[in-house]
Amino acid sequence: MMMKQGVIRQASSLVLGLALLAWLAACSTAPPSPETPATGPAASRAPAKAPAKPVAKSAASTGAAEAASMPEADSPTDFPRPALLAGEPAREFERGGASWYGPGFHGKRTASGERYDMHAFTAAHRTLPFGTMVRVHSLVNGRDVDVRITDRGPFSRNRVIDVSRAAAEELGMLGLGFKEVVLLVPESTPEVVESLPSPPVKKARRARPSPKPKTKAR
C-alpha cells in the first residue's frame, strides 16, 4: 500500500513539472514582430497606413526656386538707370534719333552765344532751354552721357538731339553717326511742346524801275 502511494506521488510531481515547463516555454516565446506582414482575413481588414507628409522646403531652396521662376529683368538698353540729374530725379522727356557735329563747327558761335567746343559735353536741341542738363541714354548699347544744351537743332524730324563729338565718343556712336536714344531731364524741367522752327522767309526784292532818260529842253 505504501509503495503505491509513493508511485502516485512521483507521477503527480512529474506531471506538475511538465506543466510548469510548458508554461515557462509559452511565456518566453517572443510575440510576432509588427513589421512581419499579417496573413489571412485579418490582413485584408487592416487599415492602410497614412501617406507620409511632404518634407517642408528650406527658405533657401524656396527662394532659389522663386528666383528661377521669375522673368528676367529688362535689358538696360530699354530702361535707363534711375539716378539723379542736376541734383533732381530724372524723368523721360523724348525718344528718337541722335546725331553729332564736330570739326566743321568747332569754335563757331552757337545759338546761345557760346563758342562751340567739340571736346566739351554739350548738345543742340530744338526747344529745351539753354543750360538744361540732359542725360542721353543709348538704346543700342545702354551707355549714358550728360550734356548741356547750348545750341539749337537738329532740324531733321527723325532726330531729337545733336551732341558734341566728345559726347558721341562716350556713347560709342562716332562710327555710326546716328543712334536711337532716350532723353532724360530733371524733374523740374517744364514740359515743352516740340515744334520745328520755320525757316526764315526771304523777301523778294522789288526791281527798281530804270530811270527815264532826261531830255534836254529845247
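Up top is the structure these notes are about.
Residues numbered from 1 in each chain as written. Predicted model: local features only at pLDDT ≥ 70, side-chain atom pairs only at ≥ 80, totals over all residues. Heavy atoms only, no water.

Considerations on the pattern of salt bridges
Inspection of the entire model under this criterion finds five salt bridges. Taking the shortest distance from any N to any O, the salt bridge between Arg91 and Glu191 comes out at 3.0 Å. Of the two residues, Arg91 sits in strand 2 (residues 88-100) while Glu191 sits in the segment after strand 7 (179-186), which places them 100 residues apart along the sequence. Among the ionic pairs, Arg165 bridges to Glu169, the shortest N-O distance being 3.8 Å. With a gap of four residues between them, Arg165 and Glu169 both fall in helix 4 (residues 165-171), about one helical turn apart. Accessibility expressed as a relative area gives 29% for Arg165, which makes it partly exposed. (Salt bridge = Lys/Arg side-chain N within 4 Å of Asp/Glu carboxyl O. Helix = DSSP H or I, 4+ residues; strand = E, 2+ residues; numbered from the N terminus. Buried < 20%, exposed > 50% of the residue type's maximum accessible area, 1.4 Å probe, protein only.)

A closer look at the pairing of strand 2
In terms of strand pairing, strand 1 (residues 84-85) meets strand 2 through two bridges, oriented antiparallel. Residue pairing in the sheet places Leu84 in a bridge with Pro89 of strand 2. Taking the residues between adjacent antiparallel strands as the criterion, strand 1 and strand 2 are bridged by two residues, where Ala86 takes a positive phi near 55°. Of the pairings in the sheet, the one linking strand 2 to strand 6 (residues 159-163) comprises four bridges and is parallel in character. Note that in strand 6 the partner of Ala98 across the bridge is Ile161. (Pairing = 2+ DSSP bridges.)

Looking at the packing of aromatic side chains
Applying the stated rule across the entire model yields two aromatic pairs. An aromatic cluster is built from Tyr101, Phe105 and Tyr116, whose rings are joined through pairwise contacts. When the ring centre of Phe105 is taken as reference, the NZ or CZ atom of Lys108 above it lies at 5.9 Å. (Phe/Tyr/Trp six-rings, centres within 6.5 Å; stacked < 30°, edge-to-face > 60°. Lys NZ or Arg CZ within 6 Å of the ring centre and 35° of its normal.)

With respect to the side chain of Arg126
The topology assignment puts Arg126 in the loop between strand 3 (122-124) and strand 4 (133-138). A relative accessible area of 7% places Arg126 in the buried class. At 3.2 Å, the side chain of Arg126 and the backbone oxygen of Ser156 are in polar contact. (Polar contact = N/O pair within 3.5 Å; in protein donor to acceptor, adjacent residues only side chain to side chain.)

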